[in-house]
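Report on the structure
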Amino acid sequence: MKIYRLHTKQNLPITKKEAWDFLSDPKNLKTITPDYMSFDILSGADRKMFPGQIIQYIVTPIFGIKTKWVTEITHVVDQEYFVDEQRFGPYNLWHHKHFIKEIEGGVEMEDIIDYKVPFGIVGQLVHPIIVKPKLDEIFAYRRKKLIEIFGDFK
């Protein structure tokens, strides 16, 4: 059983509160997701993030295949970090930690995602060809979009 890790960091010239207010609002996920993924929240984004929150959405990650994804927010420490875990969706495991740390001139946002692809050895063979490049593309888009919204860190 192979578990993969995606680890990204991004610095933004905003306050910790501004970063938290944006990132902890589930409705903003659509803003930082590529349009071609047709991200659509079905339920659960009607209040501020809390442990136990279930968020359901439809996303089209590859080949135009619509996929239902159900996420649970499992941990929240105000203005520090939160964790979302896939309960139903395309991965056998999806555990996503979001950290926000104050630094000189702004904040450092860190994402650590541990995930497992389905389909055993076939999934592992496809991972470097389709899954990993797609995740890299999504997080590159997210990086670019956050710079558009908040400015670039100098």
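The model shown is predicted, which means the values in this text are computed figures rather than measured ones. (Residues numbered from 1 in each chain as written. Predicted model: local features only at pLDDT ≥ 70, side-chain atom pairs only at ≥ 80, totals over all residues. Heavy atoms only, no water.)

1. Some thoughts on the overall build of the protein chain
If you tally the helices and strands in the protein chain, you get two helices and seven strands. N-terminal to C-terminal, the α/β element order of the protein chain is β-α-β-β-β-β-β-β-α. Per-residue burial over the protein chain gives 44% buried out of 154 residues. For the protein chain, contacts bridging at least 24 residues in sequence account for 50% of all contacts bridging at least 6. Per element, the accessible surface of the protein chain, about 8500 Å² overall, is 57% carbon and sulfur. Computing the positive centroid from 22 side-chain charges and the negative centroid from 21, the protein chain places the two 5 Å apart. (Helix = DSSP H or I, 4+ residues; strand = E, 2+ residues; numbered from the N terminus. Buried < 20%, exposed > 50% of the residue type's maximum accessible area, 1.4 Å probe, protein only. Contact = heavy atoms within 4.5 Å. Areas by Shrake-Rupley, 256 points an atom, 1.4 Å probe, with all protein chains shown as cover. Lys, Arg positive; Asp, Glu negative; His and termini not counted. Charge placed at Lys NZ, Arg CZ, Asp CG, Glu CD.)

2. Examining the pairing of strand β4 (residues 67–77)
On any regular strand, side chains alternate: one points to one face of the sheet, the next to the other face. Both strand β3 (residues 54–59) and β4 contribute to a ladder of six bridges, which runs antiparallel. Bridge pairing in β4 links Gln56 to Val70. Inspection of the sheet shows β4 paired to strand β5 (residues 81–88) by seven bridges, in the antiparallel sense. The partner of Ile73 across the bridge, within β5, is Asp84. Linkage of β4 to β5, two consecutive antiparallel strands, is achieved through a turn of three residues, within which Gln79 is found at a positive phi near 60°. (Pairing = 2+ DSSP bridges.)

3. Some details on the environment of Ile138
Mapped onto the fold, Ile138 is located in helix α2 (residues 120–150). The spacing of Ile138 and Pro118 is 20 residues in sequence and 19 Å in space, taken between C-alpha atoms. With sequence-adjacent residues up to four places away left out, Ile138 is seen in contact with Pro34, Tyr36 and Met37.

4. Some details on unusual backbone geometry
Of note, the phi angle at Ser38 is positive, near 45°, even though the residue is not glycine. Within the secondary structure, Ser38 is located in the loop between α1 (16–23) and β2 (40–43). Positive phi outside glycine occurs at Phe119, with the angle close to 75°. Locating Phe119 in the fold gives a position in the loop between β7 (106–116) and α2.

5. Digging into the pattern of salt bridges
Taken as a whole and judged by the stated rule, the model has twelve salt bridges. Between Arg87 and Glu72 there is a salt bridge; the shortest N-O distance is 2.8 Å. Placement of the pair is Arg87 in strand β5 and Glu72 in strand β4, with a sequence separation of 15 residues. The closest approach of N and O atoms between Asp114 and Lys97, which form a salt bridge, is 3.1 Å. (Salt bridge = Lys/Arg side-chain N within 4 Å of Asp/Glu carboxyl O.)

6. A short note on the layout of surface pockets
Roughly 960 Å³ of volume is contained in the largest pocket. Taken together, 49 residues make up the lining of the largest pocket; nearest its centre are Trp69, Tyr91, Trp94, Leu135 and Ile138. At the level of secondary structure, the elements contributing two or more residues to the lining of the largest pocket comprise α1, β3, β4, β5, β6 (93–103), β7 and α2. Grouping the constituent residues of the lining of the largest pocket by class yields 36 nonpolar, seven polar and six charged. (1 Å grid on protein atoms, 1.4 Å probe; cavity = no way out; pocket = protein on both sides within 12 Å on 5 of 7 lines; lining within 4 Å. Points joined across faces, edges and corners; volume = space filled by probe spheres on them. Nonpolar A, V, L, I, M, F, W, Y, C, P; charged D, E, K, R; others polar.)

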